[in-house]
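So the chains spell out like this:
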Amino acid sequence: MFKQKSILFLMFAVVLMMFSVFGCAPQAAPPAEEPEQVLIGIMLPTTGAVAENGIDMENAIKLAVSEINAAGGVLGREIITTTADDGCDPAMATAAASKLIAEEVVAVVGGFCSGATLPTLTIYGDAGIPLVIAAANATTLIAENPGWAFMINSTGDMQAEKAIGWFQERGVETIGLIGDGSAFSADLVAITREQWEAAGKQVVTDDTVSPGEMDFSALVTTIMAANPGGIYWTGYHAEGALITMQLREAGYEGVIIVSDGSSAPAFIELAGPHAEGVYCTAPPFADFLPAAQSFIADYQAMFDRAPGAYAGLSYDAMHLLADAITRAGSFDGAAIRDALAATDGFEGISGEVMFTEENTLGRSNFVLLVAQGGSWVLAQ
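Being a predicted model, the structure only gives us computed values, none of them experimental.

Before going further, it helps to examine the overall build of the protein chain. Check the secondary structure of the protein chain and you find 14 helices and 14 strands. In terms of overall size, the protein chain is more extended than a compact globule, its C-alpha atoms giving a radius of gyration of 28 Å where 380 residues would be expected to give roughly 21 Å. In terms of overall dimensions, the protein chain has C-alpha extents of about 125 × 40 × 40 Å along its principal axes. The buried share of the protein chain, reckoned over its 380 residues, is 49%. Counting only contacts in the protein chain whose residues sit at least 6 apart along the sequence, the fraction spanning at least 24 positions is 69%. Total accessible area on the protein chain is roughly 16,500 Å²; 56% of this is exposed by carbon and sulfur atoms.

Have a look at this one:
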């Protein structure tokens with residue numbers, strides 16, 4: 001009898017143990033915790049001929065992120081960043097955009113070279129990822145934009161207008177145009193020609209050089225024979241500095257203006273004394289912005305170097321994105337896009353930001369600089 005009770009007790013214990021292990025109903029999983037961070041992508045050239053610009057812009061974005069995080073982040077989350085190198089090359093940029101999307105970024109800040117930025121617009125749009133473009137400004141970006149990209153640098157038509165206004169002020173009647181074949185440069189050449197000829201003036205030379213080219217003797221001969229009153233170089237600083245140097249060495253005395261692609265201090269360093277008196281249609285340099293003085297000090301303290309031509313715009317781009325996310329009240333791509341489009345009166349160190357229906361900056365931010373004493377200074 002005792003043995004039968006023991007067996008029954010043992011069987012009951014086993015049943016209880018099985019019930020406790022397997023249960024008779026599934027247990028509810030604990031609620032997932034909200035992530036404490038949000039990932040923002042940075043797409044810039046960090047290798048190649050214009051890497052210095054890309055690194056400078058990346059630094060400025062990271063400075064902005066540090067300030068936003070110190071103030072509590074965005075919607076209670078800390079911002080972390082991931083950088084993809086576009087190399088100022090369309091193929092590399094396509095891979096960079098795909099990398100950032102695979103990493104599940106909420107939005108992207110960057111875009112220096114127009115030709116590299118151009119093929120990423122559709123990629124980001126298809127993925128529903130907002131993009132704040134800090135520098136690239138070719139008008140060709142407008143036609144390819146599916147509505148997810150926002151340009152906070154003024155477009156090429158405004159830059160051409162700035163250059164033409166200065167040529168006219170200096171009494172120039174004929175000009176020569178020189179480009180490097182990139183999307184940004186070709187766009188600016190075409191717009192400048194159109195505006196200049198619409199003003200009843202003449203373009204007497206229109207030439208394209210190859211990136212990496214160093215001997216411009218044939219070009220110089222052509223220009224000297226035509227003797228234009230002014231030259232507008234629309235490409236990047238490496239070739240622009242050499243063209244300027246070789247023109248001046250050949251005795252060219254006309255007005256030389258270079259575009260914002262040559263606004264880096266490296267242009268003056270490469271051209272040396274031949275840069276003296278060269279003008280530049282430039283983005284809003286932090287050095288000349290009253291609101292940027294604390295930014296300059298903080299940038300120098302963090303990176304032990306001075307901020308470059310596009311640092312101020314990049315810093316503003318990151319702060320604008322954080323502001324849009326806050327106004328959206330969400331990390332949803334479409335909500336952020338709509339908040340960016342609704343931006344009206346955002347005050348950055350580079351000035352006020354508001355967007356046109358084409359998602360371009362609703363004002364011209366170009367300034368005119370002149371090389372004096374080994375530095376860029378305001379010409380007007």
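Now that the structure is up, let's keep going.
As a further point, take the state of the cysteines. This structure, assessed with the given rule, holds one disulfide. Bridging Cys88 to Cys113, the disulfide has an S-S length of 1.9 Å. Given an S-S torsion of about -105°, the disulfide between Cys88 and Cys113 has left-handed geometry. Of this pair, Cys88 sits in the loop between strand E2 (78-85) and helix H3 (90-102) while Cys113 is found in the loop between strand E3 (107-110) and helix H4 (114-117), placing the two residues 25 residues apart along the sequence.

One open sheet holds the seven strands; their spatial order is E7-E6-E8-E9-E10-E13-E14, and the pairing between them is mixed. Edge positions in the sheet fall to strand E7 (202-208) and strand E14 (375-378), since each of these pairs with one other strand and no more. Taking the axes of each pair of neighbouring strands and ignoring which way they run, one obtains an average angle of 25° across the sheet. Here four bridges tie strand E13 (residues 367-372) to E14, and the two strands are oriented antiparallel to one another. Bridged to Val370 within E14 is Val377. Sitting on the sheet, helix H8 (residues 183-198) touches strand E6 (174-179), E7 and strand E8 (230-233), and the angle it makes with E6 is about 165°. The strands that helix H10 (residues 237-249) touches are E6, E8 and strand E9 (255-258); relative to E8, the one it contacts most, it runs at about 160°.

Parameters and conventions
- Residues numbered from 1 in each chain as written.
- Predicted model: local features only at pLDDT ≥ 70, side-chain atom pairs only at ≥ 80, totals over all residues.
- Heavy atoms only, no water.
- Helix = DSSP H or I, 4+ residues; strand = E, 2+ residues; numbered from the N terminus.
- Rg over C-alpha atoms; globule rule 2.2 N^0.38 Å.
- Buried < 20%, exposed > 50% of the residue type's maximum accessible area, 1.4 Å probe, protein only.
- Contact = heavy atoms within 4.5 Å.
- Areas by Shrake-Rupley, 256 points an atom, 1.4 Å probe, with all protein chains shown as cover.
- Disulfide = S-S within 2.5 Å.
- Pairing = 2+ DSSP bridges.
- Axes fitted to C-alpha atoms, helices over the stretch in contact; angles between N-to-C directions.

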